[in-house]
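The residues making up each chain are set out below.
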Amino acid sequence: MNLTIEQIDRVIEMAWEDRTTFDAIKHQFGLSEKEVITVMRQEMKPSSFKMWRKRVQGRKTKHAKLRTFVNGRFKCSRQKQITNNTISKRY
């Protein structure tokens with residue numbers, strides 16, 4: 001696992017996100033679920049790692065096979081469209 005600091009930060013960010021699957025992390029960075037857990041264990045404080053593991057364990061949204069929706073992705077009704085690489089902001 002030769003990841004840059006920026007890549008490690010992104011893996012941690014994706015791992016914390018509820019709706020980002022381990023499959024998406026594997027596709028983007030080539031890391032299996034076990035490897036993601038290893039990265040999280042090495043890069044986080046022990047208390048933060050334990051909190052993350054408790055949160056992720058058994059979460060259906062982190063595993064593509066366990067998700068209830070098949071096509072597309074979940075989208076909150078309050079989420080605005082992203083167009084032309086500019087994020088619409090709520091004012």
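Reading the values: rules and limits
Residues numbered from 1 in each chain as written. Predicted model: local features only at pLDDT ≥ 70, side-chain atom pairs only at ≥ 80, totals over all residues. Heavy atoms only, no water. Helix = DSSP H or I, 4+ residues; strand = E, 2+ residues; numbered from the N terminus. Expected span 1.5 Å × (residues − 1). Buried < 20%, exposed > 50% of the residue type's maximum accessible area, 1.4 Å probe, protein only. Arc of directions from axis to C-beta. Phe/Tyr/Trp six-rings, centres within 6.5 Å; stacked < 30°, edge-to-face > 60°. Core = buried A, V, L, I, M, F, W, Y, C linked by side-chain atoms within 4.5 Å. Contact = heavy atoms within 4.5 Å. Axes fitted to C-alpha atoms, helices over the stretch in contact; angles between N-to-C directions. Parallel < 35°, antiparallel > 145°, perpendicular 65-115°, else oblique. Nonpolar A, V, L, I, M, F, W, Y, C, P; charged D, E, K, R; others polar.

J.: I'd like a rundown of helix 1 (residues 5-16), residues and numbers included.
T.: Taking 1.5 Å per residue, twelve residues should reach 16 Å; helix 1 reaches 17 Å between its end C-alpha atoms and fits that length. By the burial criterion, the buried members of helix 1 are Ile8, Val11, Ile12, Met14 and Ala15. Looking straight down helix 1, one finds that the buried residues subtend no more than 165° of arc, so they occupy a single side. Away from its buried face by more than 90 degrees, helix 1 exposes Ile5 and Glu6.

J.: For the packing of aromatic side chains, give the residues involved together with the corresponding values.
T.: Here the structure, examined in full by the defined rule, presents one aromatic pair. Geometrically, the ring pair formed by Phe49 and Trp52 is tilted, given 6.0 Å between the ring centres and 40° between the ring planes. Linking Phe49 with Trp52, this pair stays in helix 4 (residues 46-56), spanning three residues, or about one helical turn. Considered together, Phe49 and Trp52 belong to a single accessibility category, that of buried residues.

J.: Describe the nonpolar core, naming the residues involved and giving the relevant values.
T.: By size, the foremost hydrophobic cluster in this structure holds 17 residues, and its most contacted members are Val11, Ile25, Val36, Met40 and Trp52. Of all the secondary-structure elements, those providing two or more residues to this core are helix 1, helix 2 (22-29), helix 3 (33-43) and helix 4. The greatest single-element share of this core, amounting to five residues, is contributed by helix 1. If sequence neighbours within four positions are ignored, Trp52 has contacts with Ala15, Trp16, Phe22, Val36, Ile37, Met40 and Met44.

J.: Can you break down the packing of helix 1 against helix 3 residue by residue, with the values?
T.: Between helix 1 and helix 3, whose axes approach to 10 Å, the crossing angle comes to 110°. Comparing their axes, helix 3 and helix 1 come out roughly perpendicular. Here Ile8, Val11, Ile12, Ala15 and Trp16 of helix 1 come into contact with helix 3, specifically with Val36, Val39, Met40 and Glu43. Considered class by class, the residues forming the contact of helix 1 with helix 3 number eight nonpolar, no polar and one charged.

J.: Can you explain the environment of Arg55? Please cite residues and give values.
T.: Along the chain, Arg55 turns up in helix 4. Assessed through its relative accessible area of 34%, Arg55 is described here as partly exposed. Spatially, the C-alpha atom of Arg55 lies 8.9 Å from that of Trp16, the residues being 39 residues apart in sequence. Setting aside chain neighbours within four positions, we find Arg55 in contact with Trp16 and Asp18.

J.: Requested: an account of helix 3, with residues and values cited.
T.: All of the buried residues in helix 3 are Val36, Ile37, Val39 and Met40. Seen end-on, helix 3 carries its buried residues on one side only, within an arc spanning 160°. Looking at helix 3, the residues exposed on the side facing more than 90 degrees away from the buried face are Lys34, Arg41 and Gln42. Considering only its buried residues, helix 3 is in contact with helix 1, helix 2 and helix 4.

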